[in-house]
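Residues per chain are reported as follows:
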Amino acid sequence: MNATDAAATPGGGLPKGAPILEVEDLHVTFQGRVGLIAGLRGQKGTLSRAVDGVNLQVRKGEVLAIAGESGCGKTTTARAIMGLQAVDGGTIKYEGKPLPRNLKPYLRKVQMVFQDPTDTLNPRQTIYEIIAEGLRIHGIDRGPNGEPEEQLVARALSHAGLRPPDRFFLRYPHELSGGQRQRVVIAGALVLDPEIIVADEPVSNLDASVRGEILQLLMKLREELDLTIVIVTHDLGLAWTVADRVAVMYLGRIVEIGPTEEVLLRPLHPYTRALLDVVPEAGGLDRPILTGEPPDPTRVPPGCRFHPRCPVVVTGKAAGLGIEAACKGEDLGLEEIKPGQFAACHASRQLGAEAALAALAEVEAAVAPEPISQGSWSSDDQQGDPDTSPEG
Amino acid sequence: MTDVLRVEDLFITYQTSAGGVPAVRGVDLAVKKGEVLGLAGESGCGKSTIAGAILRLLPATTEVKGTITLDGENILGMKPGRLRAVRWTGASIIFQGAMHALNPVQRVGDQIAEAIVVHQQAGEKEAQIRVGSLLEQVGLPTRRMQDYPHELSGGQKQRVMIAMALACSPSLVIADEPTTALDVMVQAQVLRLMKELQRDLGLSMIFITHDLSVLVETSDRLAIMYAGKIVEEGPAEAVFHEPKHPYTSALAAAFPEIGDMRFRGNPTGLGGDPPDPQEIPSGCPFHPRCPVAFADCERTVPGLYSAGEDRRAACLLMEDAKSGVETRG
């Protein structure tokens, strides 16, 4: 049934793996605010380059995770894809064609699931009204096979695991648990029979034991409805669990993208490696931690934007390889280092995948802090000043 | 080693217009000197309520039964004067959301000094010197004491909160979700700082969070809570890597280790949601969501049974459950 639904829509014919959504050289800037007087004098606030040249291909049927720290531009990229964010440059293509002026038909095909279901749902609307709203906005009163609205809403709810659906029709969001609310949000996206779901931190506001269920649901929907899913997350563990490919963003740009196993187990960009090093797990505190706060998009460094924090540069390895000048002065985009795995790193470019991996491991060992041994509260253990800013 | 804190048979019931809400239903805990106890569980399981009870920060109408002994003194029986003296010198707390816990119109140095002066550990002048050294200890330059909270970043504010908690050299520091609002990189920095301070100062700590992976990184022992009770307790790594209670397994699965192929393409979670404290299921409170529940679970309330060396779990599948031998910590 779902297959026929999909086939009835023009996008359904794309083969799996074909690029369904392409983002080319996307730029989004935010103008900082100035005070009234300064504004009258014609002064402008600082320009924040939130998304600064993102290139991305989303393939039909895949789960793509976009990961990074807060402020890296991952959510802004997602919002730009959704048409929720005015862009300053670049193109977005859907099924090979640039987006038309009238976005409405496209927006039906691309649906967003937001982070906090409690904020997303109108507390004064019943679940039925919430789900049906999307249909009404798009002027859909019948399904592709002539189904009435009620049936479409019921189908979306039951796809989202809220069964029997009619039991939920007249309930209000506050009567549901957090997990159920997120299912309502997902049902609201599904009712329009989309091709792509963009989920911005879909489980980070949910209780830990409930998260798995929502992710399971997304995986199941991908199979059943032939969906393409883009998940924006800060959680690399989540990417490991569900994503086919991972894109890592830093300071408004994708610095590495490739198959999940490659990017998360054999990362070619030092920033990916740094992010992986801070994933909490037993003994994780003994691995290097980048210093400082997330970088400032109003002051994007010249050259490789990661170079001021990059352990390859800081340890002098870059100088040894003769690429230090490039790191500090030459901006660079993604390059395919290994089949399917792209990185924006001078070291990887110069050395190639294997040698780059070895070099990164060497650098990491050099900057690793002294271990804090477990159970070391015995008095014989002594250390210098607690220095929270080790190398990096 | 001696116990800095002992919690015995603790019951806490909040009073609301809709009746009593039993948030904690019979908890025993002990923190040894120099030990970090991780307290994990989902929202509403009662973990923050326990922190509130230890510092007696709960609303006055809340019913608290049982004993909480800090350095040999029963906190629940203390008179207000004594309580004020013990708070911050005996036990201090690092709250979640440093953004909101600091006074926005007071310099951070003065906020830290306040506790020192109030507890008459030093005069104004000496307090300033102590503040400077505290800030250095948490990795902030001394001059930062002149700053207002808005001049600091999230991670720096959390460092100030940590300095504040250490100001009066308490025997016990409670950290309630200290890094939840922080970014991953900053979280790692703050966690490392706390671990280093803990080691260098020999701190005894209770570390509260829902993030099991953070706890296994920072804690010596773990106690997992569900519906107001401890369901599993033991050495941190053992509990995380080889959970005995089905709830712990489910919670641990929410924090997969990257590289572990069991999780790849296979998100696992529990059906249902954590129970409403006002409608706790009969028998084992976890049974409606439990993947391995059997008929007895609906009827029998499990005690904490021995679950291997130095470990306990509240599950009827434990060997000792059959003979009914409970163990107490």
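The rules behind each value
Residues numbered from 1 in each chain as written. Chains lettered and ligands numbered in written order. Predicted model: local features only at pLDDT ≥ 70, side-chain atom pairs only at ≥ 80, totals over all residues. Helix = DSSP H or I, 4+ residues; strand = E, 2+ residues; numbered from the N terminus. Rg over C-alpha atoms; globule rule 2.2 N^0.38 Å. Buried ≥ 20, exposed ≤ 12 C-beta atoms within 10 Å, placed from the backbone. Contact = placed C-beta atoms within 7 Å. Domains from an automatic or database assignment. Nonpolar A, V, L, I, M, F, W, Y, C, P; charged D, E, K, R; others polar. Pairing = 2+ DSSP bridges.

Before going further, it helps to examine the overall build of chain A. A tally of regular secondary structure across chain A gives 16 helices and twelve strands. For 392 residues, the compact-globule estimate of 2.2 N^0.38 gives 21 Å, and the C-alpha radius of gyration of chain A, at 23 Å, lies within 12% of that figure. If one aligns the C-alpha atoms of chain A with their principal axes, the spans along those axes are about 70 × 55 × 55 Å.

The helix and strand inventory of chain B stands at ten helices and twelve strands. Compactness check: chain B gives a C-alpha radius of gyration of 21 Å against a globular reference of 20 Å for 329 residues, within 12% of the reference. For chain B, the spread of C-alpha atoms along the principal axes amounts to about 65 × 50 × 45 Å. Sorting the 329 residues of chain B into buried and exposed places 55% on the buried side. Counted over contacts in chain B with a minimum sequence separation of 6, partners at least 24 positions apart contribute 62%.

Let's shift gears to the domain arrangement of chain B. All names here are of chain B. As far as domains go, chain B holds domain 1 (3-90 + 168-321) and domain 2 (103-167). Its C-alpha centre places domain 1 at a distance of 29 Å from the equivalent point of domain 2. Counting residues at the interface gives 14 residues for domain 1 and 15 residues for domain 2. Among the elements that line the side of domain 1 that touches domain 2, the one with the most residues is helix H7 (residues 184-201), at six residues. When grouped by side-chain class, the residues that make up the side of domain 1 that touches domain 2 number eleven nonpolar, three polar and no charged.

How big an interface is tends to be reported as the loss of accessible area on association of its parts. Taken together, the contacts link 48 residues of chain B with 46 residues of chain A. Elements with a contribution of two residues or more to the side of chain B that touches chain A: H7, helix H8 (212-218) and helix H10 (246-253) of chain B. Among the elements that line the side of chain B that touches chain A, the one with the most residues is H7 of chain B, at 13 residues. In terms of residue class, the side of chain B that touches chain A is made up of 20 nonpolar, 14 polar and 14 charged.

In terms of domain boundaries, chain A breaks down into domain 1 (60-70 + 100-247) and domain 2 (266-290 + 300-367). Each of domain 1 of chain A and domain 2 of chain A has a C-alpha centre, and these two points are 36 Å apart.

What follows covers helix H1 (residues 47-54) of chain B. Residues and elements named next belong to chain B. Of all eight residues that make up H1, eight are buried, and the element is covered over most of its length. Those residues of H1 that sit buried are Lys-47, Ser-48, Thr-49, Ile-50, Ala-51, Gly-52, Ala-53 and Ile-54. Backbone geometry just downstream of H1 places Arg-56 in the positive-phi region, at approximately 50°.

All right, on to the sheet that holds strand E5 (residues 73-74) of chain B then. Residue and element names in this part refer to chain B. Across the sheet, which stays open at both edges, the four strands sit in the order E2-E1-E4-E5 with antiparallel pairing between neighbours. On the outer flanks of this sheet lie strand E2 (19-32) and E5, each paired with one strand and no other. As defined by bridge partners, strand E4 (residues 63-70) adjoins E5 across two bridges and the pair is classed as antiparallel. Paired with Leu-70 across the bridge in E5 is Glu-73.

On to unusual backbone geometry, then. In this structure, Pro-164 of chain A follows Arg-163 of chain A across a cis peptide bond, with omega equal to -10°. One can find Pro-164 of chain A in the loop between helix H7 (149-159) and helix H8 (178-190). Within the chain, Asp-193 of chain A stands out as a residue other than glycine whose phi angle is a positive 60°. Examined against the element boundaries, Asp-193 of chain A turns out to sit in the loop between H8 and strand E7 (196-200). Located in the positive-phi region is Trp-88 of chain B, a residue other than glycine, with phi close to 75°. Structurally, Trp-88 of chain B can be placed in the loop between helix H2 (80-86) and strand E6 (91-94).

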